[in-house]
Amino acid sequence: MIGRGDNAGKQCGEDMRQLIAGNWKMNGLGATAMAELGALAKHVETTRPACDVLICPSATLIERAARHAKDRFAVGGQDCHAEASGAFTGDVSAEMLRDAGATAVIVGHSERRQFHGETDAIVQAKARAAWRAGLISIICIGETEPQRDAGHAHGVCRSQIEGSVPPGATPQNTAIAYEPVWAIGTGRTPTSPEIAAMHAHIRAGLGAPLRILYGGSVKPSNAKEILALPDVGGALVGGASLKASDFIQIVDACNRSP
Ligand code: 13P
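Being a predicted model, the structure only gives us computed values, none of them experimental.

Rules used in this analysis
- Along each chain, residue indices are assigned from 1 in the same order as the chain's sequence is written.
- The predicted nature of this model means local features are confined to residues of pLDDT at least 70 and side-chain atom pairs, given and counted, to a pLDDT of 80 or more, with totals for whole chains, interfaces and linings taken over all residues.
- No hydrogens and no water enter the side-chain calculation; it runs on all heavy atoms of the structure.
- Helix and strand assignments come from DSSP, with helices taken as H or I runs of at least 4 residues and strands as E runs of at least 2, each series counted from the N terminus.
- Each residue is placed in one exposure class: buried if its accessible area under a 1.4 Å probe, protein chains only, is under 20% of its type's maximum, exposed if it is over 50%, and partly exposed if it falls in between.
- A contact between two residues is defined here by any heavy atoms of the two lying within 4.5 Å.
- Accessible surface is estimated by sampling points in the Shrake-Rupley manner with a 1.4 Å probe; for residues, cover comes only from the protein chains shown.
- Residues are classed as near a molecule or strand on a simple rule: at least one heavy atom within 4 Å of it.
- Residues adjacent in sequence count toward polar contacts only when both atoms are side-chain atoms; beyond that, a polar contact is any pair of N or O atoms within 3.5 Å, and within protein one must be able to donate a hydrogen and the other to accept it.
- Under this grouping Gly is polar, as are all residues other than the nonpolar Ala, Val, Leu, Ile, Met, Phe, Trp, Tyr, Cys and Pro and the charged Asp, Glu, Lys and Arg.
- A residue's pLDDT is simply how confident the predictor is in it, with values from 0 to 100.
- Throughout, the arc means that of the directions going from the helix axis to the C-beta atoms.
- Lines fitted to C-alpha atoms define the axes, with helix axes restricted to the stretch in contact, and inter-axis angles between N-to-C directions lie between 0 and 180 degrees.
- Reported orientations rely on four angle classes, namely roughly parallel under 35 degrees, roughly antiparallel over 145, roughly perpendicular from 65 to 115, and oblique for the rest.

**Student:** Summarise the overall build of the chain; cite the residues concerned and give the values.
**Tutor:** Each helix and strand in the chain was counted, giving 10 helices and 8 strands. Across its three principal axes, the chain shows a C-alpha extent of roughly 45 × 45 × 35 Å. Going through the 258 residues of the chain one by one, you find that 52% of them count as buried. Across the chain, the fraction of contacts at a sequence separation of at least 24, relative to all contacts at a separation of at least 6, is 74%. Of the roughly 10,800 Å² of accessible surface on the chain, 53% is carried by carbon and sulfur atoms.

Written as structure tokens, this is what we have:
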């Protein structure tokens, strides 16, 4: 499993540790990044939080971050190519991420779908690639604001699950991240009943009891309420994961012990 392996043998759902994951996106240079990770590592070591902790920095920082983590938190990639190697200039394979020390990779983030034209089929191929390399895939789904306004949010997410999650997904190899596109980086979030309803809807569409993370403007002030909702198996945090002092508060808001 992600993290220290404390939850080895645990089943998913209410019994499983929540996962608090940081997606650093295209942010972070070595010296300052390692200082933030040092503060996070120290906090994890001293408080032993009730959740798994994962940081997904840029590919250039994975090896340094993994060395720094010393198993106090896990390190993941933000994307991978579907092939193991080949003539794909600029791309990074799941095997390369693994080789650098990653144990997980985010696939199908809305910024990849939007700016790199990634379809559900491509996302599914990347999730399979992650498994091939022994990585946990964190498969992102989420509706845009016009889709929500038109009343299509649940249908869009169901269809993304059907297209993006390969058969064979298990709690050991896959987590889902529900990230409404309109909530990313905006400071806006769905209401708690809306998050709970969407997570229940996603849960009903999955063939296995996967962790379902919520992502989109998670911050210290709203983390506790979001993480207490049923079917919320953790959080995928963007902006608030860049500063250890903020991210630590989200880790500490995690309230579901094994
Ligand atoms: P923010 O937390 O900055 O809204 O980003 C969410 C996200 O995209 C995480 O993958």
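**Student:** Now, about unusual backbone geometry: what can you tell me, with residues and values included?
**Tutor:** Generally, phi is negative for residues other than glycine and the peptide bonds are trans, each holding for most cases. You will see that Lys70, though not glycine, has its phi angle at about 45°, which is positive. Positive phi, close to 70°, is recorded for Asp231, a residue that is not glycine.

**Student:** Describe the site of the ligand, with residues and values.
**Tutor:** Lining the immediate environment of the ligand, one finds 13 residues, of which Lys25, His109, Gly185, Ser217 and Gly239 sit closest. In this structure, an oxygen atom belonging to the ligand sits 2.8 Å away from a main-chain N or O atom of Ser217. Summarising the interface, the protein chains cover 94% of the accessible area of the ligand, which totals 310 Å² for the free molecule. When its residues are assigned to classes, the shell around the ligand shows 4 nonpolar, 7 polar and 2 charged.

**Student:** Tell me about the confidence of the model for the chain, and name the residues and values.
**Tutor:** Parts of the prediction with low pLDDT should not have their coordinates interpreted in detail. With 93% of its residues at a pLDDT of at least 70, the chain reaches an overall mean of 93. Below a pLDDT of 50 lies the segment residues 3–14, which in the model reaches 24 contacts outside its immediate sequence neighbourhood of four places, other chains included.

**Student:** Give a description of helix H2 (residues 62–69) that names residues and reports values.
**Tutor:** Turning to H2, its buried residues number three or more, namely Ile62, Ala65 and Ala69. All buried residues of H2 fall inside an arc of 65° around its axis, so they share one side. Against helix H1 (30–47), strand E3 (74–77) and helix H3 (94–100) lie the buried residues of H2. Just beyond H2, the residue with positive phi is Lys70, at close to 45°.

**Student:** Requested: an account of the packing of helix H5 (residues 120–132) against helix H7 (residues 153–164), with residues and values cited.
**Tutor:** Pairs of packed helices are described in terms of their axes, by the angle between the two and the distance that separates them. Orientation of H5 relative to H7, taken along the N-to-C sense of each, is 50°, at an axis distance of 7 Å. With respect to H7, the element H5 is oriented oblique. In this structure, H5 contributes Asp120, Ala121, Val123, Gln124 and Ala127 to the contact, and H7 contributes Ser159, Gln160, Glu162, Gly163 and Ser164.

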